[in-house]
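Coordinate inspection notes
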Amino acid sequence: MTTRTIRSIRLEALTRVEGEGGLLIELHDGQLQNVALDIYEPPRFFEAFLRGRSFREVPDITARICGICPVAYQMSSVHAIESALDVSPTPEVRALRRLLYCAEWIESHALHIYMLQAPDLYGLESVVALAAQQPDLVRQGLKLKKIGNELMALLGGRAVHPVSVCAGGFYKVPTPSELQAFREKVEWALTASLETAKFASALPLPDFRAEYEFVALSHPNEYAMNEGRIVSSAGLDIAVEDYEQTFTEQQVPHSTALHSVRSDRGTSYMVGPLARVNLNFKQLMPLARDAAENSGITWPSFNPYVGIVARAIELVHACEESLQIINSYQQQAKANVECPVRAGEGCAATEAPRGLLYHRYRINEKGLVEFAKIVPPTAQNYRRMEDDLRLLIPKILKMTDEEIVARCEQLVRNYDPCISCSTHFLKLQFKGQ
Amino acid sequence: MANETKPRLAVYKLASCDGCQLQILNLEDELLDIVGAVEVVYFLEARSQTSDGPYDITLVEGSVTTTHDLERLRDLRRKSQTLITIGACASAGGIQAIRNMQDVEEYKRAVYANPAYIQTLTQSTPVAAHVNVDFAINGCPISKEQLLEVITSLLIGRVPQLPTYSVCVECKRKGNVCVLVASGMACLGPVTQAGCGAVCPSFNRGCFGCYGPMESPNTDSLCQALLTKGVSRAEIVRMLNGFTGWAEEFHSAAERLEKAPL
């Protein structure tokens with residue numbers, strides 16, 4: 001049977017996401033034929049030009065993959081390099097790295113909740129429009145974001161592309177009094193984050209459910225950020241070293257975008273705040289766990305729109321843990337452990353604001369990178385986003401093109417996609433176009 | 001309508017990390033005042049409504065790496081009264097300009113399973129290599145203060161005042177001990193434009209040139225000084241070929257150093 005009518009819906013540019021991409025939907029005789037995220041963010045070839053650079057330069061270079069989550073790239077880089085060089089940072093360095101990561105989670109989550117996603121849930125087009133209706137709410141969001149940024153600047157010199165992180169530790173660490181002076185701001189942020197969690201829990205979230213496999217790092221004693229095993233809601237429990245055997249990045253025939261899938265069955269999975277809260281609920285700090293229990297949501301949740309609530313719960317966690325680290329901080333005489341120049345290979349995964357971020361490096365005897373592999377969280381979520389769109393679109397076919405696009409964009413925004421991060425992605429067209 | 005008299009501001013992105021446009025959203029204390037003073041008519045990261053132009057002020061982040069972006073940029077220039085580049089990618093080609101000194105076909109094979117799908121130019125180039133730029137804000141990332149200075153200057157009709165001197169001036173003002181002289185660390189501070197607040201020397205490490213070359217830098221002389229301090233030639237070349245490595249002053253100094261007899 002030949003196709004009689006073709007309806008193509010095209011969104012040139014997704015808005016309120018980081019980086020640039022569009023959306024293509026194609027219906028044949030009223031049936032969904034194709035759906036694809038059309039990513040035209042230009043490739044920047046980080047994995048190629050990292051080769052030949054010193055391992056000491058890597059955290060500064062990989063930070064530039066993403067202006068919103070530079071710390072995540074620095075963290076996965078230095079942990080992979082330390083693994084390659086067989087270096088173990090001190091417990092104090094470990095705690096400070098968690099504090100820096102908390103600061104980035106606060107900044108990134110506040111940005112996404114208040115500026116990128118909340119306007120959707122009020123039917124508004126931007127935070128500017130939201131500020132006209134709810135000025136106090138927006139001010140609270142901005143102040144929270146600012147505190148995250150200020151904490152990053154305190155620990156790293158500046159909020160975007162901080163300069164303090166090195167393999168082995170830090171170039172410089174703060175004094176206890178510098179951290180103590182910041183405590184009041186974090187106390188305010190904790191209160192505001194609890195209000196954020198209440199606000200997010202009360203939002204009218206659309207009903208949607210799918211059979212997700214959630215994937216996250218997990219650690220028995222803490223809410224995993226920088227170390228742990230990779231676990232999933234489908235029973236996966238592997239060492240980080242087994243990541244590349246378990247998950248594969250595919251360059252599929254109809255698309256030039258790489259998609260991560262489970263290697264064994266080719267299925268999609270989800271990383272990010274919802275995956276983490278679902279899998280690591282027990283390791284949440286007490287107030288964050290209370291907020292989750294009082295949210296009215298049954299955990300684990302299989303509704304991607306609950307992502308905004310998960311993000312708010314992590315905001316509480318990040319503020320709560322920041323306070324704990326600040327209160328127990330003791331400065332060490334040395335800011336870092338010396339890294340020897342030797343050949344080695346190592347990998348690491350850490351939890352970026354948007355989910356699991358995997359790096360692997362091979363370093364030669366001169367300390368220069370010979371091979372680099374980076375798998376950003378958004379690359380891992382793309383296939384899942386498209387699977388979600390395939391479930392959503394058949395239910396909303398009676399809507400106008402404009403409404404369909406708006407609903408699809410809203411669904412994609414749940415994943416807080418960071419297209420700038422996903423260096424692999426390119427413009428694509430369906431066959432025959 | 002008040003909006004009819006407000007300048008129309010657009011924010012565009014080419015190849016980049018989003019960090020410089022994020023600095024606009026990081027002006028948390030001033031953001032609501034800014035959107036009161038200008039009408040933000042195109043800013044994909046921040047709002048869903050978009051206008052195709054014309055624009056009074058256009059901020060461009062990112063470098064040119066594809067023919068598609070080159071076409072977009074030319075079109076954007078036609079539609080913009082004042083075009084300002086924000087950040088090291090737009091002003092100097094960015095970190096991705098390392099490819100300019102390498103074989104980009106090999107890069108495609110290294111990163112992608114099917115390199116034939118990849119459409120990219122052989123070089124990552126700054127915006128000013130293709131269209132007229134009215135003003136450049138340097139930095140990787142740009143500083144919020146410099147961004148605010150430029151926006152407010154435009155609104156009141158004066159020339160923005162940004163420093164053209166080196167990071168050393170900021171470093172001395174902060175009272176830092178010189179990391180190059182006292183500790184022998186490799187530092188590009190003497191030839192790099194100020195604006196970051198000497199953030200790296202303040203963190204006990206050398207400057208790596210995020211803000212690009214200062215006005216009339218003596219880069220060759222700095223290279224000699226670093227060699228005398230025992231920094232290897234390869235390390236100096238890598239530093240110069242970094243975040244603003246495609247800027248003429250840094251790129252040419254790196255080339256001269258590489259070709260110089262040992």
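Let us look at the structure shown here. Since this is a predicted model, take the numbers as computed values, not measurements. (Residues numbered from 1 in each chain as written. Chains lettered and ligands numbered in written order. Predicted model: local features only at pLDDT ≥ 70, side-chain atom pairs only at ≥ 80, totals over all residues.)

1. As for the overall build of chain A
Secondary structure assignment for chain A yields 14 helices and 13 strands. Seen along its three principal axes, the alpha-carbon backbone of chain A occupies a region of about 75 × 50 × 35 Å. For chain A, the proportion of its 433 residues judged to be buried stands at 57%. (Helix = DSSP H or I, 4+ residues; strand = E, 2+ residues; numbered from the N terminus. Buried ≥ 20, exposed ≤ 12 C-beta atoms within 10 Å, placed from the backbone.)

2. Comments concerning the overall build of chain B
Within chain B, the regular secondary structure consists of twelve helices and five strands. The C-alpha atoms of chain B give 20 Å as radius of gyration, which agrees with the globular expectation for 262 residues (18 Å, within 12%). Counting only C-alpha atoms, chain B reaches 65 × 50 × 25 Å along its principal axes. Taking all 262 residues of chain B together, 53% fall into the buried category. Sequence separation of at least 24 residues holds for 73% of the intrachain contacts in chain B that already meet a minimum separation of 6. (Rg over C-alpha atoms; globule rule 2.2 N^0.38 Å. Contact = placed C-beta atoms within 7 Å.)

3. Concerning helix α3 (residues 67–79) of chain B
Residue and element names in this part refer to chain B. Over its 13 residues, α3 extends 19 Å from the first C-alpha to the last, a length consistent with the 18 Å expected when each residue adds 1.5 Å. Those residues of α3 that fall on the buried side of the exposure criterion are D69, L73 and L76. The buried residues of α3 occupy an angular sector of 65 degrees when the element is viewed end-on, so they sit on one face. Turned more than 90 degrees away from the buried face of α3, the exposed residues are T67, E71 and R78. Tucked inside the fold, the buried residues of α3 contact β1 (8–13), β3 (55–61) and β4 (80–86). (Expected span 1.5 Å × (residues − 1). Arc of directions from axis to C-beta.)

4. Structural notes on unusual backbone geometry
Across the junction of G53 of chain B and P54 of chain B, the peptide omega takes the value 5 degrees, indicating a cis bond. Residue placement: P54 of chain B occurs in the loop between β2 (39–43) and β3. Note the cis peptide between C140 of chain B and P141 of chain B, where omega equals 5 degrees. Within the chain, R16 of chain A stands out as a residue other than glycine whose phi angle is a positive 55 degrees. Structurally, the position occupied by R16 of chain A is in the loop between β1 (6–11) and β2 (21–28). Here R16 of chain A falls in the buried class, since 25 other C-beta atoms lie within 10 Å of it. We note that N204 of chain B has phi near 65 degrees; this positive angle belongs to a residue other than glycine. By the element assignment, N204 of chain B lies in the loop between α9 (199–202) and α10 (219–228). By the C-beta count within 10 Å, which is 20 here, N204 of chain B ends up buried.

5. Here we look at the packing of α10 of chain B against helix α12 (residues 248–259) of chain B
Residues and elements named next belong to chain B. Contact geometry for α10 and α12: axes closest at 9 Å, N-to-C directions at 50 degrees. What the angle tells us is that α10 and α12 run oblique. As α10 packs across α12, the resulting crossing turns out to be right-handed. Contacts between α10 and α12 involve T219, D220 and C223 on the former and, on the latter, E249, F250, A253, R256 and L257. Grouping the amino acids of the contact of α10 with α12 by side-chain chemistry returns four nonpolar, one polar and three charged. (Axes fitted to C-alpha atoms, helices over the stretch in contact; angles between N-to-C directions. Parallel < 35°, antiparallel > 145°, perpendicular 65-115°, else oblique. Left-handed = near helix turned anticlockwise from the far one by under 90°. Nonpolar A, V, L, I, M, F, W, Y, C, P; charged D, E, K, R; others polar.)

6. Quick notes on the environment of G36 of chain B
All names here are of chain B. Considering the arrangement of structural elements, one finds G36 in helix α2 (residues 31–37). Judged by local crowding, G36 falls into the exposed class, with 12 C-beta atoms found within 10 Å. Counting along the chain gives 24 residues from G36 to V60, while the straight-line C-alpha distance between them is 21 Å.

7. Focus on the interface of chain B and chain A
Residue-level contacts link 48 residues of chain B with 50 residues of chain A. Taken together, the elements giving at least two residues each to the side of chain B that touches chain A come down to α1 (19–25), α2, α3, α5 (104–111) and α9 of chain B. With five residues, the top contributor of residues to the side of chain B that touches chain A is α1 of chain B. Each residue belonging to the side of chain B that touches chain A can be placed in one class, and the counts come to 25 nonpolar, 14 polar and nine charged.

8. Focus: the sheet that holds β2 of chain A
One key point about sheets: their strands pair by backbone hydrogen bonds, in either a parallel or an antiparallel sense. Residues and elements named next belong to chain A. Taken together, the three strands give an open sheet; going across it, the order is β1-β2-β3, and neighbouring strands pair in antiparallel fashion. In the strand order of this sheet, the two ends are held by β1 and β3 (31–39), each with one partner. Direction aside, the axes of adjacent strands within the sheet are offset by 10 degrees on average. Taken together, the six bridges between β1 and β2 define a ladder with antiparallel strand orientation. Across the sheet, the residue bridging to R7 is L27, located in β2. (Pairing = 2+ DSSP bridges.)

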